[in-house]
Amino acid sequence: MKITKLILGIMATITVGTASAQEMNKKPGNTHLPSTTQELKKLATLDQGTYQYSVSDYFQKPTKSSFEFSPDGKYISFKEKDENGKSHVYVKNTKTNKITKVIEEKKELIRGYGWVNNEKLIYIMDNGGNENYHLFAVDIDGKNNKDLTPYENVTVQFLNGLKEQPEYIIIAMNKDNPQIFEPFKINVNTGATEKLYENKDLSSPIDNYYFDKDGKLRAFKKQHNAVNYILYYRANENEEFKPLKETTWKDEFDIMEFTYDKDNPHLAYLQSNVDSDKTEIVLFDLAKNKKIKTVFKNKNYDVDGLSRSRKRNYEIDYFSYNGEKNNIIPKSKTYKKLHKKFLKEFGDKSFYIQSTTDAEDKYLIMVTSDKLYGKYFLYDVNSDSFKELINLMPQLKENDMAEMRPIKYKTRDGLTIHGYLTIPKNASKSNKVPLIINPHGGPYGVRDSWGFNPETQLFASRGYATLQVNYRGSGGYGKEFFLAGNKQIGRKMLNDLEDGVAFAKDLDFIDNDKVAIYGGSYGGLATLGSLVKTPDLYTCGVDYVGVSNLFTFFNSFPAYWKPYLGQVYEQWYNADSEEDQKIMKEVSPALNVEKIKKPLFVVQGANDPRVKIGESDQIVENLRDRGVDVPYMVKYNEGHGFGHEDNRIELYTYMMGFFAKHLK
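Residues numbered from 1 in each chain as written. Predicted model: local features only at pLDDT ≥ 70, side-chain atom pairs only at ≥ 80, totals over all residues. Heavy atoms only, no water.

1. Comments concerning the overall build of the protein chain
Working step 1: Of regular secondary structure, the protein chain possesses 13 helices and 35 strands.
Working step 2: For a compact globule of 664 residues, the expected C-alpha radius of gyration is about 26 Å, and the protein chain comes in at 25 Å, within 12% of that figure.
Working step 3: Seen through its C-alpha atoms, the protein chain measures out along the principal axes to roughly 70 × 60 × 55 Å.
Working step 4: A total of 664 residues make up the protein chain; the buried ones form 59% of that total. (Helix = DSSP H or I, 4+ residues; strand = E, 2+ residues; numbered from the N terminus. Rg over C-alpha atoms; globule rule 2.2 N^0.38 Å. Buried < 20%, exposed > 50% of the residue type's maximum accessible area, 1.4 Å probe, protein only.)

2. A short note on a positive patch on the surface
Working step 1: A contiguous patch of positive charge on the surface is contributed by Lys-293, Lys-331, Lys-333, Lys-336 and Lys-337.
Working step 2: Looking at the positive patch element by element, the count peaks at three residues for helix α4 (residues 333-346).
Working step 3: Residue placement: Lys-333 occurs in helix α4.
Working step 4: With relative accessibility at 71%, the residue Lys-333 sits in the exposed group. (Patch = residues over 30% accessible without salt bridge, like charges linked within 9 Å, V, L, I, M, F, W, Y side chains within 5 Å. Areas by Shrake-Rupley, 256 points an atom, 1.4 Å probe, with all protein chains shown as cover. Salt bridge = Lys/Arg side-chain N within 4 Å of Asp/Glu carboxyl O. Lys, Arg positive; Asp, Glu negative; His and termini not counted. Charge placed at Lys NZ, Arg CZ, Asp CG, Glu CD.)

3. Focus: the pairing of strand β2 (residues 75-81)
Working step 1: Buried residues dominate β2, accounting for five of its seven residues.
Working step 2: One ladder, built from four bridges, connects strand β1 (residues 64-69) with β2; its direction is antiparallel. Considered in β2, the bridge of Glu-68 is made with Ser-77.
Working step 3: Here β1 hands over to β2 after five residues, with Gly-73 in that stretch at a positive phi of 80°.
Working step 4: Counted along the chain from β2 to the antiparallel partner strand β3 (residues 87-93), the turn is five residues long, and its residue Gly-85 has a positive phi close to 85°. (Pairing = 2+ DSSP bridges.)

4. Digging into the pattern of salt bridges
Working step 1: As enumerated under the stated definition, the model contains 36 salt bridges in all.
Working step 2: Note that Arg-312 and Glu-360 form a salt bridge whose closest N and O atoms lie 3.3 Å from each other. Of this pair, Arg-312 sits in the loop between β21 (303-309) and β22 (315-322) while Glu-360 sits in the loop between β24 (350-356) and β25 (362-368), and the two are 48 residues apart along the sequence.
Working step 3: Between Arg-412 and Asp-499 there is a salt bridge; the shortest N-O distance is 2.9 Å. Taken as a pair, Arg-412 in the loop between β28 (403-410) and β29 (416-423) and Asp-499 in helix α7 (residues 492-505) lie far apart in primary sequence, 87 residues in all.
Working step 4: Classification of Arg-412 by relative accessible area gives exposed; the value is 52%.
Working step 5: On the accessibility criterion, Asp-499 (12% relative accessible area) is buried.
Working step 6: Sharing partners across several salt bridges, the network here consists of Lys-163, Glu-164, Arg-310 and Asp-358.

5. Thoughts on the sheet that holds β25
Working step 1: With respect to topology, four strands assemble into an open sheet ordered β24-β25-β26-β27, the strand pairing being antiparallel. Either end of the sheet is taken by a strand with one partner, and the two such strands are β24 and β27 (385-391). Each strand axis lies, on average, 30° off the axis of its neighbour in the sheet, ignoring direction.
Working step 2: Sheet strands in contact with α4 are β24, β25, β26 (375-380) and β27, and its direction is about 125° off that of β24. (Axes fitted to C-alpha atoms, helices over the stretch in contact; angles between N-to-C directions. Contact = heavy atoms within 4.5 Å.)

6. Digging into the packing of aromatic side chains
Working step 1: For the structure on display, the rule yields 47 aromatic pairs.
Working step 2: Seen from their ring centres, Phe-296 and Phe-319 are 4.7 Å apart, and the 5° between their planes marks the pair as stacked. Note that Phe-296 is positioned in strand β20 (residues 290-296) and Phe-319 in strand β22, a separation of 23 residues in sequence.
Working step 3: Among the residues examined, Phe-296 registers a relative accessible area of 15% and is labelled buried.
Working step 4: Residue class for Phe-319 comes out buried when judged on its relative accessible area of 3%.
Working step 5: Through a chain of ring-to-ring contacts, the aromatic side chains of Tyr-318, Tyr-335, Phe-342, Phe-346, Phe-351, Tyr-363, Phe-377, Tyr-379 and Phe-386 assemble into a single cluster.
Working step 6: Its end group placed over the ring of Phe-258, Arg-218 keeps NZ or CZ at 4.3 Å from the ring centre.
Working step 7: For the cation-ring pair, Arg-462 lies above Tyr-51, with the distance from its terminal atom to the ring centre recorded as 3.9 Å. (Phe/Tyr/Trp six-rings, centres within 6.5 Å; stacked < 30°, edge-to-face > 60°. Lys NZ or Arg CZ within 6 Å of the ring centre and 35° of its normal.)

7. What to know about the confidence of the model for the protein chain
Working step 1: For the protein chain, per-residue confidence averages 94 on the pLDDT scale, and 96% of positions sit at 70 or higher.
Working step 2: In this model residues 15-24 is a low-confidence stretch, pLDDT under 50, and it forms 44 contacts with partners more than four residues away in sequence or in other chains. (pLDDT = per-residue confidence, 0-100.)

8. Regarding the side chain of Lys-479
Working step 1: Within the element layout of this structure, Lys-479 appears in helix α6 (residues 479-483).
Working step 2: According to the relative accessible area criterion, Lys-479 is buried, its value standing at 16%.
Working step 3: Within the structure, Lys-479 has its side chain in polar contact with the backbone oxygen of Asn-273 (distance 2.9 Å).
Working step 4: Those residues in contact with Lys-479 that lie beyond four places of it in its chain are Lys-250, Asp-251, Asn-273, Val-274, Ser-276 and Asp-277. (Polar contact = N/O pair within 3.5 Å; in protein donor to acceptor, adjacent residues only side chain to side chain.)

9. A closer look at helix α12 (residues 613-625)
Working step 1: Helix length check: α12, at 13 residues, gives a terminal C-alpha distance of 18 Å against a target of 18 Å (1.5 Å per residue), a fit within 8%.
Working step 2: The inward-facing, buried residues of α12 abut α8 (522-533), β33 (540-544), α9 (550-555), β34 (600-605) and β35 (632-635).
Working step 3: Gly-627 occupies a position one or two residues after α12 and carries a positive phi of about 85°. (Expected span 1.5 Å × (residues − 1).)

10. Quick look at the pairing of strand β4 (residues 99-103)
Working step 1: The sheet contact formed by β3 and β4 spans four bridges and is antiparallel. If you follow Tyr-90 over to β4, its bridge partner there is Lys-101.

11. Observations concerning the nonpolar core
Working step 1: Core analysis: the largest hydrophobic core is formed by 92 residues, its most contacted members being Leu-497 and Ile-619.
Working step 2: No other element matches the six residues that α8 contributes to this core.
Working step 3: Core analysis: the second largest hydrophobic core is formed by 35 residues, Val-542, Phe-601, Val-603 and Met-633 among them. (Core = buried A, V, L, I, M, F, W, Y, C linked by side-chain atoms within 4.5 Å.)

Structure (structure tokens):
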């Protein structure tokens, strides 16, 4: 768990929400503001046309999904959706084919699950989208379902599984102080917990813990002077932790895994950009505080992963990085042979190993592309055979889907921007189509990637092209590009979007007079900011759980974000600085609503802990006070994004009506 990752992309993820706020005595926000269901349904009727696929075809949950092997391969687990849209977890015996419902999804959504050992599953849920996650454990027959962390207003993060101690895992919780996380070893049978280290210095909290496979705390990273970090290491449990290296928040210097080299227990693989612009994987001797060598790098992109074989003494199988598409670089002889088979079987599609047995004799492989939502395949090593298990979205035919094309362009100040353009099949010089520009959330450290995107495919099916821009500050393109986004919210970040529109307009199939902007989370702030900054450029906009006022947003941070305000002040803006205050007023859309003159659709989850409902309420109220008609959709059983299937389908149904009204 690394809290700074959360701060880098403070609004990076549109998370699913869960139900409970409907039962509260007082609903969040101004309940007089949301549009009525009747008003929104009337908006939806404007999307007239005979379409091959419905909104539901793109946004319904797969009937079955989330397949995983038990460690011994005797069972395979999966989620299966019932007629009410609830996705329960089942376990299938691979010998007898007997299927058992293990976890029943009721009021709350199952936010994630996995195997902890051959007899137990663990899963997480929150309450009403509040992101205070609880950890549960259950036997594979569905019995002994137990809340392992039954604490109020506490969030849990998974840190380490312990293969050699199958009854235990290591988690982090902010149980003893809401501002900081501490590591606990927890028994998945009894729920008994043992605190492994105290994070008691609030002025310099520990940001990350590094455990080895035996559950020993080998290192931790501690905040220093609000914006720096010091990596501490100890050679063995009888020694004190000693400072190893100090870096700033701008640097990557993180332990990925220990090598478990018998001759030198202090060797580890690190992600680092301390001596380079792009993040590399390096071999590092922690006892000597010395880099041994660079293990893998790419000249154009940050390297973000490696996979190792526990069976083969932790040999590296492959490296990975995200370029125009995802790239896997084979390393070991064993995996090179496997990779060759996978390439032959799946061709130019992207494939990912989702799960494997401890014996490495069976692999679950997800295959996807820009036109394929996803298929699961089983590869059996002993029989050297592939078997398709399921097509997750069989109703969506690949040949009917639109191309997602990697693109790049130069900004007005000479920066190279990468992104993706999804192009409707009917787009041509003689049939120009409207454009929707879709900035991602974050804004820092995250990015859009190539692959199947139900949003852009839906838009394409209705005749709209979509441009996704990895603007300055996005992750994956090196330190210099990442830092170019500092204090550019509402400024050069929006210039990058505008320059993307200019790039698209130079293509011969875009209708230059019909350009919309739509974004979620930070993308919602970018949408509102663009309608303020360049009111004549866009035809309309959709703001989905977006910030509207930087002052109120900063004041609503959860307690465990507050130790990292030093970084926020350097990266975003500092509300205590007179100079930054002036900029914040200029780039906070709610404080400049008089400049918005194009139609806007606002969407909000009432229980959102990241972007509170007040952010959307104030933009809607301010615009309506000026006589602007603003459709406003609020769901009282959602958080930072809509997780319930029926809510998502409603959202995109109404959105299609809004776009039809203003782009057709």
